[in-house]
Amino acid sequence: MTILKNMHFDFIKRRKIFFIISAVVFLIGIISLIVFGLNLDADFVGGTSFTMNLSRPVDQTVINDVRNLVKDTIGIDASSVQSAGSNGTTVMIKTAEVDTENRDKLVKAIVEKYELGSSYTDYQVSNVGASMTKDITRSLFLATIIAVVLMLAYIWIRFDLRSGTAAVICLIHDLFVMLTVYSLFHISVDSNLIAAFLTILGYSINGTIIVFDRIRENKAKTPDKSFDEIANVSINQTFRRSIYTTFTTLITIVMIYILGVASIKNFAFPLIVGILAGFYSSTCLASAIWAFLNNIGGKKKEKIAEKK
Amino acid sequence: MNKNTAKLILGISFVVALICIAVFGLTYLGLPGIFDEGAIRKGLDLSGGSLIVYEAQLDEIPENIDSEMDAVIVMLRNRLTTLGYTEAVVTKIGQTKVQVEIPDITNPEEAVQKLGSTAKLEFRDYEGTVILTGSDIVGANAVYGEYDNSGTAGYYVSLQLSEAATEKFAEATDRVKDLSSSGNNYIAIYLDDELQTSPSVTQKLTTANLSITKSGFTADEVKWLASVISAGALPFALKDIQLESIGPELGESALETSFLAAVIGLAIVIVFMIIFYKAFGVVSAISLAAYTAIVCIIIVTFKVNLSLPGIAGVVLSIGMAVDANIVIFERIQEELGLGKSLSAAVKAGFSRAFAAVLDSNITTLIAAVVLWIFGTGFITGFAITLFIGVIVSLFTAVFLTRFLLNAVIRTKLSDTKYYV
């Protein structure tokens, strides 16, 4: 790993490539969001979902039967009926919001049809009403915005405003990449996404701060060097740490993803994407943006000085 | 034995003691070990159970909403106890919402309906005029016995009327008994606008004891009715706007697999650290063990509600604990590369890396706290474990690692070759 240690890779020189890569990803994200949209879960649009272990393979016949049963029992069409779970014996039914009497009726009807027994408890029901979705959606936006603003304020105090701006741009980049993945892979967007978002908010900024910390130090040590040079040296000095940390954090999350149950998988996958996006943005984008902002700012100052 | 070897032994003994406490608990303090039955307070997604959110149905929010919601919460707690859900937790969300969490529940929909029912009791005549309401009742009991003159036995609810109500009832029965020609000589008893029974009235009744009967009443139903009637009606209707219900079987395997994932992940991380950082890696492995033990002890001691995202929070903070060590070790190796002595490099490495580690952990804490405040349901659990994880990792990755490292480099392992 001595290669990583004595690395002199010119990140800043290649910043156009990195910016283009991010722009392309951004474009893919926009297109995907327009074409596929987001697979919003009941947490955001309201609705009811039933996940029931039927102890038998859920094939097309069973799915059709269940679909008919939903229609017959509660009088509305299920918006989706599909097989779920690792061994495919679980059926997942999604409908518009259903009240408690009808939920009870449907569960009982399915228990009866598939002879699951009177003490059957191997199922999951989730119902989110319209007024709750407003709360959840609002708390998502509120939490994200407040967290970002507080982080910006903190970095502003500890570093400077340009570092803070660059860090926030990277954060938005990472979150947008996660959103793109949710859209492209039709992952159901539920309140776990809020948790995943805020984890990445907290985590990915770590990498950026480690680099900025080095920039802060190098700037004080070698004030004559250009912003580009300082940024470059700092990225290279912290690069091995970035790789190692990304690896060690990923390992635990990937293990959770491989071994975990379905619900935790849904949580682990966006985290994996976010950690990778965070690695990319903190090494390839953060310092480049920082140098860019400083160069612009510097030119302005010069112009003002010239006028005087 | 020199001073530094003693320090090292002290540090390692401390870590071993932590691991022992985490695994075996402290019996005389009543602290169970992490693997003991019931040591971990499992979230609903691990233990199975239901989370119900009710919203008050109001056209406009009255001024005394806070005191009314408090009354509603007390009533919900009573109802939960009556239903046998003594482990249930009721919390208020915002101004007009209440969240009820019930572990180990077999019939969530029944609970949704019973808890949310207003329990508005009304005695009405054939025209629908209200004669008595729930507030006229001073006591209600569940009784088994004969409840009519024909000798039919069964479960029924026995009601005691207040004095004023007894008079009102006497007047009403006096009036109603004369309607026998039209067949309207009955008094209908409604609960939440649902007809329970409508006994016919043949004479003026001056008794203060009444009963609600219905063929097929079960012991549980009668007990439930008596309890909600004595507790009084809710000031407004509650609508269930969210239900998350998870069967116990689904949650069972989740904890085991996540635990396995954490152990394997941790093992790989430790091997990685030892390969790339040699003696530093060994020290950070000891710190990581201490970190894991402390987090376990905190989770058991403070009965932290451990949900699936909560486990993810713990696992993620393991990654961050390692990150702090990587940042520090990288820094030390750099200082060594500048030709400094081992002890000077360690000293400089820690002081230079500290700002970076602190800043990056504080931003994570900001995210955890915001999530804690604004999160709902399972997410709060994630925020709490992430918060605990970051605080503990700051302690182990910085202070414990420094203590151990300062001792190690002054023992026989003082040659730089063991570290680079």
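Our subject in this report is the structure included herewith. Values in this document were obtained by computation on a predicted structure and should not be read as measured data.

With 14 residues, helix α5 (residues 100-113) of chain A ought to run about 20 Å at 1.5 Å a step, and its terminal C-alpha atoms sit 20 Å apart, in line with that. Restricting attention to buried positions, one finds in α5(A) the residues Thr100(A), Arg103(A), Leu106(A), Val107(A) and Ile110(A). Along the axis of α5(A), the buried positions cluster into a sector of 125 degrees, meaning they face one direction only. In this structure, α5(A) carries Glu101(A) and Glu112(A) as exposed residues pointing more than 90 degrees from its buried face. For α5(A), the elements touching its buried residues are β2 (47-53), α4 (60-74) and β5 (123-128) of chain A together with α4 (108-116) and β13 (238-246) of chain B. Two residues or fewer after α5(A) comes Glu115(A), characterised by a positive phi angle close to 45 degrees.

In this assembly, 57 residues from chain A lie in contact with 62 residues from chain B. Those elements that provide at least two residues to the side of chain A that touches chain B are α5, β5, α6 (130-158), α8 (191-221), α9 (227-259) and α10 (262-307) of chain A. The biggest single contributor to the side of chain A that touches chain B is α8(A), with 14 residues. When β5(A) meets β13(B), the two strands line up antiparallel, connected through 5 bridges. Residue pairing in the sheet places Val125(A) in a bridge with Ser245(B) of β13(B).

The subject of this paragraph is the sheet that holds β13(B). Sheet strands associate in pairs through backbone hydrogen bonding, adopting either a parallel or an antiparallel arrangement. Read from one edge of the open sheet, 8 strands run β3(A)-β4(A)-β2(A)-β5(A)-β13(B)-β3(B)-β5(B)-β4(B), paired in antiparallel fashion. Unpaired on one side and paired on the other, β3 (80-84) of chain A together with β4 (89-93) of chain B mark the two borders of the sheet. Here the average twist between neighbouring strands, direction ignored, is 20 degrees. In terms of strand pairing, β2(A) meets strand β4 (residues 90-95) of chain A through 6 bridges, oriented antiparallel. Paired with Met52(A) across the two strands is Val91(A), which belongs to β4(A). This element, α5(A), spans β2 and β5 of chain A together with β13 of chain B of the sheet and lies at about 25 degrees to β2(A). Lying on the sheet, α6(A) is in contact with β5 of chain A together with β3 (49-56) and β13 of chain B; it crosses β13(B) at an angle near 70 degrees.

Moving on: the nonpolar core. Formed by 211 residues in total, the largest nonpolar core has its most connected members in Leu198(A), Ala312(B) and Leu371(B). When residues in this core are grouped by element, the largest group, 21 residues, is from helix α7 (residues 248-301) of chain B. In this structure Leu371(B) touches Ala143(A), Ala195(A), Leu198(A), Ile379(B), Phe382(B) and Ala383(B), once residues within four positions along its chain are discounted.

With that out of the way, let us pick up helix α6 (residues 219-231) of chain B. All names here are of chain B. Across its 13 residues, α6 extends 18 Å between first and last C-alpha, which sits within 8% of the 18 Å expected from 1.5 Å per residue. Along α6, the positions that sit buried rather than exposed are Val222, Leu225, Ala226, Val228 and Ile229. Those residues of α6 that are buried lie in contact with α3 (65-82), β6 (121-124), β8 (137-146), β9 (153-161) and β12 (209-212). Residue Gly232 follows α6 closely and has a positive phi angle near 95 degrees.

Residues and elements named next belong to chain B. Between α3 and α6, the least distance of the axes is 10 Å, while the angle of their chain directions is 160 degrees. Taken together, the axes of α3 and α6 lie roughly antiparallel to each other. Between α3 and α6 lies a crossing whose hand is right-handed. The residues of α6 that touch α3, namely those facing Met75, Asn78, Arg79 and Thr82, are Lys223, Trp224, Ser227, Val228 and Ala231. Of the residues in the contact of α3 with α6, the class split is 4 nonpolar, 3 polar and 2 charged.

Here we take up the sheet that holds β12(B). Residue and element names in this part refer to chain B. Read from one edge of the open sheet, 3 strands run β8-β9-β12, paired in antiparallel fashion. At either margin of the open sheet sits one strand with a lone partner, and together these are β8 and β12. Neighbour-to-neighbour, the strand axes of this sheet turn through a mean angle of 30 degrees, independent of strand direction.

Residues and elements named next belong to chain B. In this structure, Phe329 sits in helix α8 (residues 308-337). A C-alpha to C-alpha distance of 65 Å links Phe329 and Ser227, two positions 102 residues apart in sequence. For Phe329, the contacting residues outside a window of four places in its chain are Tyr277 and Phe280.

Next up on the list: the environment of Ile362(B). Structurally, Ile362(B) can be placed in helix α9 (residues 342-374). Separated by 29 residues in sequence, Ile362(B) and Ile391(B) place their C-alpha atoms 9.3 Å apart.

Moving on, we get to unusual backbone geometry. All names here are of chain A. Positive phi is not limited to glycine here, since Ser55 has a value of about 55 degrees. Within the element layout of this structure, Ser55 appears in the loop between β2 and α4. A count of 14 C-beta atoms within 10 Å places Ser55 in the partly exposed class.

The subject of this paragraph is the pairing of β4(A). Each regular strand shows side chains that alternate between the opposite faces of the sheet. Pairing of β3(A) with β4(A) involves 5 bridges; the strand directions are antiparallel. When the bridges of β4(A) are listed, Ser83(A) appears paired with Val91(A).

The subject of this paragraph is the packing of α4(A) against α5(A). Residues and elements named next belong to chain A. Running from N to C, α4 and α5 cross one another at 135 degrees; their axes reach a closest spacing of 10 Å. Of the possible angle classes, the one that applies to α4 and α5 is oblique. Remark: the crossing between α4 and α5 carries right-handed chirality. In contact with Val66, Leu69, Val70, Thr73 and Ile74 of α4, α5 contributes Asn102, Lys105, Leu106, Ala109, Ile110 and Lys113. Its residues assigned to classes, the contact of α4 with α5 shows 7 nonpolar, 2 polar and 2 charged.

Thresholds applied
- Residues numbered from 1 in each chain as written.
- Chains lettered and ligands numbered in written order.
- Predicted model: local features only at pLDDT ≥ 70, side-chain atom pairs only at ≥ 80, totals over all residues.
- Helix = DSSP H or I, 4+ residues; strand = E, 2+ residues; numbered from the N terminus.
- Expected span 1.5 Å × (residues − 1).
- Buried ≥ 20, exposed ≤ 12 C-beta atoms within 10 Å, placed from the backbone.
- Arc of directions from axis to C-beta.
- Contact = placed C-beta atoms within 7 Å.
- Pairing = 2+ DSSP bridges.
- Axes fitted to C-alpha atoms, helices over the stretch in contact; angles between N-to-C directions.
- Core = buried A, V, L, I, M, F, W, Y, C linked by C-beta atoms within 7 Å.
- Parallel < 35°, antiparallel > 145°, perpendicular 65-115°, else oblique.
- Left-handed = near helix turned anticlockwise from the far one by under 90°.
- Nonpolar A, V, L, I, M, F, W, Y, C, P; charged D, E, K, R; others polar.

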